[in-house]
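Examination of the molecular architecture
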Amino acid sequence: MKPQELEEELLSSGHFACPGCGETLAFRHVLKALGKRVAVITTAGCGSVVDGYWPVSASKVPFFHCSFGTAAATASGLKAGLEMIGDLRTTVLAWAGDGGTFDIGFQSLSGAAERNEDILYCCYDNEAYMNTGIQRSSATPKGAWTTTTPVQNLKEEPKKDVDAILAAHRIPYLATASIAFPEDLARKVKKAKAIKGTRFIHILIPCPPGWRFSSDLTVKLARLAVASRFFPLYEVESGKRYQLNSMPEKIPVKEYFRLQGRFSHFKEKQIDEFQTEVDARWEELLERMKRDERPCS
Amino acid sequence: MKRLLNGNEAAAEAVKLSRAQVIAAYPITPQTSIAEALSDMVSKKKLKARYMRVESETSALACLVGASMAGARVFTATSSQGLALMHELLHWASGARLPIVLVNVNRSMASPWSLGTDHIDSLSQRDTGWLQFYCEKAQEVLDTVIISFRLAEKLLLPVMILSDGFYLSHFVEPVSIPGQKQVDRFLPARKTRYRLNPKDPHTFGGGVSGIIFAKLKKDIQDRMEEAKETFKDLSKEFESIFGRTYSPVEPYWIDDAEVVMVSIGTLTGTARNFIDQARKSGKKIGLLKMKMFRPFPEEAVRQALKGIKRVIVLDRNISLGSEGIFSQELKAALYSMEPRPEVIDVISGFGGIDVTPEGLSELFQKVIQGEIRHGKPFWMGVEG
C-alpha cells in the first residue's frame, strides 16, 4: 500500500471508553472509512460520553449531541440545513446505541427511514443500556442477565429484529457489520456513503463490563457472534435484495456464550433452546436470500 | 398591499417573507393551516425551502435543531399537545443557542379534549429558555414573526410567538403585507459563527462541569435581560421601515386610571372595546396589554402601573394549586413598589370561553363594589 492511501485516523486516543470497548473500535473504523467530509449526530449513550468532556473531544469531525430519542430526525434536519446553505457533499452520520435505535429513538428512525432522508445511520448495538449500567433493552438477547433482568426474572423475549423492520421500510441500503471484520465494515460504510437516501448499518459491539467478559476478548467475541450465526453479516438493498457476506462455519452458540458472564446461569436446556432459536433465524434469513435468488458472495 | 388574512395565514406569509430555509411541522388543530400553507408555498416554489413532513412534533423540532446547527434559518408551528411533546427539545434548542422561530397556536391541554384556547400550553414552557410574545391581531402575528427572526439571530435564542386558537388563528382581518425588498432590508440572510462544519470541526453539547453549565445558563439569562432593550430597538427599526411598532407592554387609557386591566392575546381587543365604552361614562379604567412574557418586562410593568390602585389580571390560564401565571409574575414584579397596587386575579376565557365587553363590564362592577377582591383567583363564567 502506498503511504498516501493510508486513511487518516479521525478518532484520537484518550477518549473515555472502558478498556476493550467495542464501540470506539467501530467508531474509529466508520470515521476512517467516511473521511473528513462528515458531520456526526450522536444521542445519549456510551458514544456520547466516551467522546470526552468539555473542553476536549476525541473526534476530529464536527460532532453534535442530540436528545436521546431524536438521532434520525436531528440528522435529517442537519442534512436539509446543509443542503439549504449550499453544502451538498457532507455526509451526515447518526451514531446511536441500541437504546437510541431499537427503543427510545425508534419512532424518529422509522419516520426518517419512511421519508428516505439522506442520512447514514449506524447503530452500535451492545445489547443493553450500558451507559446507565447494564439494563435490559429490546436488543438484549433472550435469557441474558442485566441489572433489570436478574436471574430470578430473566428476559423472556427474543432480541428485536430491527434489521427486518428497517428492511421493511424499503430503505436503499442496510447492512449488519462487525468489528471483527473491519475490511467488511469499511467496505459497507464506503458503499453506504455513495448511496443517496436512508442507509442503516447495524454493528454488534461486545461490551466487556456489560456482557461480563475479560477486556482482551472483545474482537474474539465479535467474531464468535458471526461464526455461531448469532449475528450473521449481510446486506439488503431496497429492502428486498439480500446478500450474505460470509457463510459461517456452524460453531455452536455455546462457544459464544461460555465466555460471557451474562449467560453463565444458562443450563443445557436454555442453551439448546437458544441454539434452536439461532438456527430458526438463520433459516429465515436463508429463505429471504433465496427469495431473491442471489447466491452468497 | 392589504389582504384579508387570518392569524395562521399571516404567520405563513411572514415565514415566506422571512425566507425560512427549513420548515418541519406536524399538523394539529388549530395550527394545521400554517403547515398546509407553508407546504403549499414550498411545493409551488414560492418559497425556496425544505419542508419536512415529519412523523411527530418531537421530530419536527429535532429536525430544526439539526438544520439550525447547519446554519439555516428555520421555522415550525404547533399547538397544545404538540408543544408539550416538544418540551425536551425546547430546552435543547435554547441550550444549544439556536435561533429557531416557532408559532404556537394556543389550545387547551387534554385531558379531556378541548379545541378551546388558553395559554397553559405555552406558559407550561415558561422555563425552557425561549422568548415568548403573545399577539392580539393577525397583523401583529405577521410583524412579530419577522421581528422574531431578527431578534433570535441577534441573541442566539429561540423565540415562540403565541396566537390564540380560533379567535386569532381563524378570524380574518385586513393585514398589510410588506414588500419582500423591505423585509430583506430589515432581515438579511442569517450569518452564523458557530455551526457544524467539516472544514472547522467542533463538538457541541457534550458533557461539561457544573460551573461551565451554570455559566452557559447565566449567559442565556443575560441575553434574556438584553432582549428587552434589543426588542425595543428592533421595533423602532421596524417602525422606520414598515410604520408599525410594538412594545413589551402597551398601556391604553392608563394615565389617570384608578383601575387597570392586564390583558394577554386576543382578550386585549375585547378589553379595549369595554374600556372605550367605560371611559365614555367617566370610569377611570385603563388597560395594560402584555406582549412580552419571556423575558418578563418587570421594569416596564412597574413604570406602567405606578400609582394605580387596583390591577385586574385577565389570566387565560391557571397554575393549578396556585393561581393565574401572569398574576404570579406581575405580583413578583410589583413586590418592590411602595405603595403596591392590589392585584386581583381573574381566570377568564379559560378553555376558550368567550369573554365579551359586557362580561368585562360586569366584572369591573363587581370589583368596584368589592365583591371580587385580591386573594383567591376568581373564575369568570364558571359557576361555583
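Residues numbered from 1 in each chain as written. Chains lettered and ligands numbered in written order. Predicted model: local features only at pLDDT ≥ 70, side-chain atom pairs only at ≥ 80, totals over all residues.

Next up on the list: the overall build of chain B. The secondary structure content of chain B amounts to 13 helices and 16 strands. Taking 384 residues into account, the globule formula puts the C-alpha radius of gyration at 21 Å, and chain B, at 21 Å, falls close to it. Structurally, chain B occupies a C-alpha span of about 70 × 50 × 45 Å along its principal axes. Across the 384 residues that make up chain B, the buried fraction comes to 54%. Considering only contacts in chain B between residues 6 or more positions apart, those separated by 24 or more positions represent 81%. (Helix = DSSP H or I, 4+ residues; strand = E, 2+ residues; numbered from the N terminus. Rg over C-alpha atoms; globule rule 2.2 N^0.38 Å. Buried ≥ 20, exposed ≤ 12 C-beta atoms within 10 Å, placed from the backbone. Contact = placed C-beta atoms within 7 Å.)

Residues and elements named next belong to chain B. Packing of helix α1 (residues 7–17) against helix α7 (residues 138–155) brings their axes to within 8 Å, and their N-to-C directions diverge by 25°. Comparing their axes, α7 and α1 come out roughly parallel. α7 is crossed by α1, and the crossing has right-handed handedness. Residues Gly7, Ala10, Ala11, Glu13, Ala14, Val15 and Leu17 of α1 form the contact with α7, whose participating residues are Ala138, Gln139, Val141, Leu142, Val145 and Ile146. Among the residues forming the contact of α1 with α7, the class breakdown is 10 nonpolar, two polar and one charged. (Axes fitted to C-alpha atoms, helices over the stretch in contact; angles between N-to-C directions. Parallel < 35°, antiparallel > 145°, perpendicular 65-115°, else oblique. Left-handed = near helix turned anticlockwise from the far one by under 90°. Nonpolar A, V, L, I, M, F, W, Y, C, P; charged D, E, K, R; others polar.)

Moving on, we come to the packing of α7(B) against helix α9 (residues 210–242) of chain B. All names here are of chain B. Axis separation between α7 and α9 bottoms out at 10 Å; the angle between their running directions is 135°. Between α7 and α9, the interaxial angle falls into the category oblique. Our pair here, α7 against α9, has a crossing hand that is right-handed. Contacts from Asp143, Ile147, Arg150, Leu151, Lys154 and Leu155 in α7 reach Arg223, Glu226, Ala227, Thr230, Phe231, Leu234, Ser235 and Phe238 in α9. Residues that form the contact of α7 with α9 fall into these classes: seven nonpolar, two polar and five charged.

Residue and element names in this part refer to chain A. Among the five residues of strand β1 (residues 38–42), five are classified as buried, and the element is accordingly described as predominantly covered. Because side chains alternate across β1, one face comprises the buried residues Val38, Val40 and Thr42, and the other comprises Ala39 and Ile41, equally buried. In the sheet, β1 pairs with strand β3 (residues 91–97) via five bridges, with the strands oriented parallel. Of the residues in β3, the one forming a bridge with valine 38 is threonine 91. Alignment of β1 against strand β2 (residues 63–65), held across three bridges, turns out to be parallel. Looking at β2, one finds that isoleucine 41 is bridged to phenylalanine 64. (Pairing = 2+ DSSP bridges.)

Attention now moves to the sheet that holds strand β7 (residues 159–164) of chain B. Residue and element names in this part refer to chain B. Pairing within the open sheet is mixed, and its seven strands lie in the order β3-β2-β4-β5-β7-β6-β13. Edge strands, defined here as strands with exactly one partner in the open sheet, are β3 (50–52) and β13 (292–294). Each strand of the sheet is rotated relative to its neighbour by a mean of 20°, with strand direction disregarded. Sheet contacts for helix α2 (residues 32–43): β2 (22–24), β3, β4 (74–78) and β5 (101–106); angle to β3, the most-contacted strand, approximately 140°. Taken strand by strand, α7 contacts β5, β6 (131–134) and β7, and its axis lies near 170° from that of β7.

To continue, consider the interface of chain A and chain B. Chain A puts 40 residues into the contact, and the matching count from chain B is 38 residues. For the side of chain A that touches chain B, the elements supplying multiple residues, two or more each, are β1, α2 (46–50), β2, α3 (71–84) and α5 (106–114) of chain A. With 11 residues, the single largest contributor to the side of chain A that touches chain B is α3(A). Split into classes, the residues belonging to the side of chain A that touches chain B amount to 18 nonpolar, 16 polar and six charged. Bridge count between β2(A) and strand β9 (residues 203–204) of chain B: two bridges; the pairing is parallel.

A separate point is the domain arrangement of chain B. Reports of interface size often rely on the accessible area that becomes lost once the parts have come together. Residues and elements named next belong to chain B. Considered domain by domain, chain B is made up of domain 1 (2–242) and domain 2 (250–379). Taking only C-alpha atoms, the centre of domain 1 and the centre of domain 2 are 28 Å apart. Between domain 1 and domain 2, the residue contacts involve 26 residues of the former and 19 residues of the latter. Looking at the side of domain 1 that touches domain 2, the elements that each hand over two or more residues are α6 (120–123), β6, β7 and α9. (Domains from an automatic or database assignment.)

Turning our eyes to something else, we now look at the sheet that holds strand β5 (residues 173–178) of chain A. In sheet architecture, strand pairing relies on hydrogen bonds along the backbone and comes in two forms, parallel and antiparallel. The sheet built from nine strands is open, its strands ordered β8(A)-β7(A)-β5(A)-β6(A)-β4(A)-β3(A)-β1(A)-β2(A)-β9(B) with mixed pairing. Looking at the sheet topology across the chains shown, the edges are occupied by β8 (241–244) of chain A together with β9 of chain B. Across three bridges, β5(A) lies against strand β7 (residues 234–237) of chain A in antiparallel orientation. Residue pairing in the sheet places A:Ala175 in a bridge with A:Glu235 of β7(A). Across the sheet, α3(A) is in contact with β1, β3 and β4 (120–125) of chain A; its angle to β3(A) comes to roughly 170°.

Residues and elements named next belong to chain A. Examined against the element boundaries, proline 141 turns out to sit in the loop between β4 and α6 (162–167). According to the C-beta neighbour criterion, proline 141 is buried, with 20 such atoms within 10 Å. Put simply, proline 141 and glutamate 157 are 16 residues apart on the chain and 7.6 Å apart in space, counted from C-alpha to C-alpha. Apart from the residues lying within four places of it in its own chain, the contact partners of proline 141 are Glu127 and Lys159.

Moving on to helix α10 (residues 267–280) of chain B. All names here are of chain B. The end-to-end C-alpha separation of α10 is 20 Å, in line with the 20 Å expected for 14 residues at 1.5 Å each. Within the span of α10, buried status applies to Leu267, Thr268, Thr270, Ala271, Phe274, Ile275 and Ala278. Axial view of α10: buried residues confined to an arc of 155°, hence all on one face. Where α10 is buried, its residues contact β10 (249–252), β11 (259–263), β12 (285–290), β14 (310–315) and α13 (357–368). Trailing α10 by a residue or two, glycine 282 shows a phi angle of about 80°, which is positive. (Expected span 1.5 Å × (residues − 1). Arc of directions from axis to C-beta.)

Turning to the confidence of the model for chain B, a few remarks are in order. When pLDDT is averaged along chain B, the result is 97; 100% of the residues meet or exceed 70. Reported confidences for the modelled complex are a pTM of 0.97 and an ipTM of 0.97. (pLDDT = per-residue confidence, 0-100.)

Regular strands have side chains that alternate between both faces of the sheet. Residues and elements named next belong to chain B. Counting buried positions along β4 gives five out of five residues, so the element sits mostly inside the fold. Pairing between β2 and β4: two bridges, direction parallel. The residue bridging isoleucine 23 from the neighbouring strand is phenylalanine 75, located in β4. In terms of strand pairing, β4 meets β5 through four bridges, oriented parallel. Paired with threonine 76 across the strands is leucine 102, a residue of β5.

With 213 residues, the main nonpolar core has A:Ile203, B:Val22, B:Val65 and B:Val262 as its most contacted residues. Lining this core are residues from two domains, each supplying at least three of them: domain 1 (2–242) and domain 2 (250–379) of chain B. Once residues within four sequence positions are removed from consideration, B:Val262 is found in contact with B:Leu288, B:Met290, B:Val311, B:Ile312, B:Val313, B:Leu314, B:Phe326 and B:Leu330. (Core = buried A, V, L, I, M, F, W, Y, C linked by C-beta atoms within 7 Å.)

This part covers unusual backbone geometry. Look at the link from A:Trp54 to A:Pro55: it is a cis peptide, with omega at 10°. Along the chain, A:Pro55 falls in the loop between α2 and β2. Cis rather than trans, the peptide bond between B:Thr29 and B:Pro30 has omega equal to 0°. Summarising the element assignment, B:Pro30 is placed in the loop between β2 and α2. Despite not being glycine, A:Asn116 has its phi angle at roughly 55°, a positive value. The residue A:Asn116 is located in the loop between α5 and β4 in this model. Taking the number of C-beta atoms within 10 Å as the measure of exposure, A:Asn116 has 16 and is therefore partly exposed. Although it is not a glycine, B:Phe166 sits at a positive phi angle of roughly 65°. Within the secondary structure, B:Phe166 sits in the loop between β7 and β8 (172–176).

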